[in-house]
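# Structural overview for review
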Amino acid sequence: MQCERVAELIGPYMDGELEADDRRFVAAHLDDCPECRRLLEDYRSVGRLVAARGHEPVPAGFAGRLSLALAREAAVRHAETGMPARTDVQMRRPDPASVDEPPVRLPRRLTSDRLPTGWKRWTALAAALVFACVLSATAASWLTERSNQVARLEQDLMSAHVRSQLQDLPYQVASADTHTVKPWLVGRVDFAPEVRDLAADGFTLLGGRLDYVGGRRVGVIVYKRRLHFIDVFVWPHGAGEPEAPSPAVVNGYNMILWTKAGFTYAAVSDMNGAELQQLQGLL
Amino acid sequence: MPPDPSRFERLALQHMGAAYNLAFWLVRSRNDAEDVVQEAFLRAFRAFDGFRGDDIKPWLLAIVRNTAYRWLAARRRSANVVSIDAALFADAEDDPPALQVASDAPNPEDLLLRAGERDGIDAAIAGLPPVFREVIVLREIDGLSYREIAEVTGAAIGTVMSRLSRARAELRKVLGGTLARGSSDAV
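Because the structure is predicted, anything quoted here is derived from the model rather than measured.

With that out of the way, let us pick up the overall build of chain B. The helix and strand inventory of chain B stands at 12 helices and zero strands. Put simply, chain B has 187 residues, and 48% of those count as buried. Restricting to contacts in chain B with at least 6 residues of sequence separation, those with at least 24 account for 67%. In the structure as shown, chain B presents an accessible area of about 8900 Å², 54% of it carried by carbon and sulfur atoms.

So this is what it looks like as structure tokens:
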């Protein structure tokens, strides 16, 4: 019987999922058969009722929780995949905005026509060479010492940042209000860091926490931009810490250290270097 | 390189409503639906590098659906589990045992939910088996094509077609009286 075949096709017919031949067949049958017309009408009513039910409303705050979960997952993955080699990350990311380290300057090649010919000149050259060696060795050891200290600090900061991302919340006091975060921090560290509201510039203040970096208790102000968390560490400036803004990439995390008004600041995030520099400029 | 979270978020969060709705109709609990969507989105995010296509929606909903079914299976298993130890020492490959324990008893909100839908369209949809429920929801609420529904459910298009017909026939039977009024308005 035709009606049985039509009953099978009527859904796809109303959904616009039939081939031309079948569509014509169903349309022709509907013209003659009030029973099947009623079926089509009922199916349409069912469809309208279900459609009117609409999406079950998403619980309040769910989008935020989902964002947070994704950001945390991104941080963990970042920490795990970024860990093995820092050069790795830069090589695979040719985006200029994310590369902050200046290119390594190679020594200029010595060419034979520059070398003096006479033996006196050789002696002079040798003496100069020895002097230069001594000088550079001293400078190098001083520089190494200094850069080791900074490198250790950078490692510490990176670890603190990653550790915070592994927690349920990367902050201990949650507030977008600078007048809440600052007193909270002041009560827990022996200095009074400045906490700025940068919402107008696209950096949402999430809150603050305490951390332990470079052998001292430091304050951390936590901002968020899109999915990226940014930790701004702050403590009273110590000897050997960078004064001018010095960007670095550690295990794929971007970092800028600088000094302002007697405090050392360090911004750390998986956000790109250009945006991190923007934040540094605002603080 | 880890996938770019902002790109994934941009693409995926616009389908959060559809994802939550599908999860809600499959697991029939607001709390569980939220957990299912979160777990599914994290899974999707981890697999995002492998995603090659122009429309993320069916792919994402397929992950939500699979997660929801795993969830249902775990809940069925846990219905028989009395001891917490058994749950704690469950196969590590499976869903976290804590979830099995937690999903055991319906919470007050879910009981309220069930009480509120004794009649009407909600009860009618809820009364369908999950494989019919999902096709009707994806078709009538989200307006997915048969091809897309096939992608989400992992079934052939012919199967989608017949499940949809069965679902409609069933709803028509259950909603009989309501429909008569509806159709007389429409005609």
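The subject of this paragraph is the interface of chain B and chain A. Taken together, the 48 residues of chain B in the interface contact 42 residues of chain A. Summed over both partners, the interface of chain B with chain A comes to about 4100 Å²; 66% of that surface belongs to carbon and sulfur atoms. If you look at where chain B meets chain A, you find seven salt bridges. Along the contact surface separating chain B from chain A lie 12 residue pairs in polar contact (both at pLDDT 80 or more). Of all the elements in the fold, those that place two or more residues in the side of chain B that touches chain A are helix H1 (5-13), helix H2 (16-27), helix H3 (30-47), helix H8 (120-126), helix H9 (130-140), helix H11 (157-174) and helix H12 (176-186) of chain B.

For Asn251 of chain A, which is not a glycine, the phi torsion comes out positive at approximately 50 degrees. For Asn251 of chain A, the location among the structural elements is in the loop between strand E5 (246-250) and strand E6 (253-260).

What follows covers the packing of helix H1 (residues 2-14) of chain A against helix H2 (residues 20-32) of chain A. Residue and element names in this part refer to chain A. The interhelical angle for the contact between H1 and H2, taken along N-to-C directions, is 115 degrees, at an axis separation of 10 Å. In the packing of H1 onto H2, the handedness of the crossing is left-handed. Residues Gln2, Cys3, Arg5, Val6, Leu9, Ile10 and Tyr13 of H1 form the contact with H2, whose own contacting residues are Asp22, Arg23, Phe25, Val26, Ala27, His29 and Leu30. For the contact of H1 with H2, the per-class residue count stands at nine nonpolar, two polar and three charged.

Attention shifts here to the environment of Pro193 of chain A. Residues and elements named next belong to chain A. Here Pro193 shows up in the loop between helix H7 (178-186) and strand E2 (204-213). Separated by 28 residues in the primary sequence, Pro193 and Ile221 place their C-alpha atoms 9.5 Å from one another. The residues touching Pro193, leaving out its near neighbours within four places in the chain, are Lys182, Leu185, Val186, Val234 and Phe263.

This next bit is on the pattern of salt bridges. Here the structure, examined in full by the defined rule, presents 26 salt bridges over all chains. Residue Arg172 of chain B is joined to Asp42 of chain A by a salt bridge in which the shortest nitrogen-to-oxygen separation is 2.7 Å. With Arg172 of chain B in helix H11 and Asp42 of chain A in helix H3 (residues 34-53), this pair bridges two chains. Between Arg65 of chain A and Glu34 of chain B there is a salt bridge, with its nearest N and O atoms 2.8 Å apart. Residue Arg65 of chain A is found in helix H4 (residues 62-82), and its partner Glu34 of chain B is found in helix H3; the two belong to separate chains. Here the salt bridges do not stand alone but share partners, grouping Asp15 of chain A together with Arg139, Glu140 and Arg168 of chain B into one network.

Criteria and cut-off values
Residues numbered from 1 in each chain as written. Chains lettered and ligands numbered in written order. Predicted model: local features only at pLDDT ≥ 70, side-chain atom pairs only at ≥ 80, totals over all residues. Heavy atoms only, no water. Helix = DSSP H or I, 4+ residues; strand = E, 2+ residues; numbered from the N terminus. Buried < 20%, exposed > 50% of the residue type's maximum accessible area, 1.4 Å probe, protein only. Contact = heavy atoms within 4.5 Å. Areas by Shrake-Rupley, 256 points an atom, 1.4 Å probe, with all protein chains shown as cover. Buried area = accessible area lost by both parts, 1.4 Å probe. Salt bridge = Lys/Arg side-chain N within 4 Å of Asp/Glu carboxyl O. Polar contact = N/O pair within 3.5 Å; in protein donor to acceptor, adjacent residues only side chain to side chain. Axes fitted to C-alpha atoms, helices over the stretch in contact; angles between N-to-C directions. Left-handed = near helix turned anticlockwise from the far one by under 90°. Nonpolar A, V, L, I, M, F, W, Y, C, P; charged D, E, K, R; others polar.

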